[in-house]
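Below are the chains, spelled out letter by letter.
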Amino acid sequence: MSTQRYLVGHQLTEADWRLFTTLIRFDTVYFSHFKCNRQRIADFPALSAYVRDLYQVPGVAETVDLEQIKRHYYVSQCTINPTQVVPVGPQVELDAPHGREALS
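Residues numbered from 1 in each chain as written. Predicted model: local features only at pLDDT ≥ 70, side-chain atom pairs only at ≥ 80, totals over all residues. Heavy atoms only, no water.

Asker: Sorry, what's going on with the environment of H10 here?
Answerer: For H10, the location among the structural elements is in the segment before α1 (14-33). Spatially, the C-alpha atom of H10 lies 32 Å from that of K70, the residues being 60 residues apart in sequence. Setting aside chain neighbours within four positions, we find H10 in contact with L103 and S104. Polar side-chain contacts of H10 include one of 2.8 Å to the backbone oxygen of L103. (Helix = DSSP H or I, 4+ residues; strand = E, 2+ residues; numbered from the N terminus. Contact = heavy atoms within 4.5 Å. Polar contact = N/O pair within 3.5 Å; in protein donor to acceptor, adjacent residues only side chain to side chain.)

Below, the structure written as structure tokens:
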């Protein structure tokens, strides 16, 4: 992701959107809830910028509700989280500049 803007080059494709749905949830939910806690997406500069780039496509941010996504996972999966405690964090800065325009 450090040498090309999108998965298959310089054009946004369905593959990017399919990956986005996983990546957008990773730091907020998968990292702690599913114990995928070695590294976050935020720890990978190019991948983190890629997620922000897709999130900032006009109309996309309005479809992403990280609090609802987090609540859903932590409350609906009682075998993983029997107490149904929903963490406050982490804070994800999806509106931060991504700087990926130069890769187009």
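Asker: What is the right way to look at the side chain of D53 in this model?
Answerer: Along the chain, the position of D53 falls in helix α2 (residues 45-55). Each residue touching D53, except ones within four places of it in the same chain, is listed here: R5, Y6, H98 and R100.

Asker: Can you help me understand the pattern of salt bridges in this one?
Answerer: Note on pairing: side chains with opposite charge can pair once their charged atoms come close. This structure, assessed with the given rule, holds 5 salt bridges. A salt bridge links K70 to E67; its shortest N-O distance comes to 3.5 Å. With K70 and E67 both in helix α3 (residues 66-76) and 3 residues apart, this pair spans about one turn of that helix. Among the residues examined, E67 registers a relative accessible area of 42% and is labelled partly exposed. Connected via shared salt-bridge partners are R5, D53 and R100. (Salt bridge = Lys/Arg side-chain N within 4 Å of Asp/Glu carboxyl O. Buried < 20%, exposed > 50% of the residue type's maximum accessible area, 1.4 Å probe, protein only.)

Interpretation note: all reported values are geometric properties and have no functional meaning in isolation.
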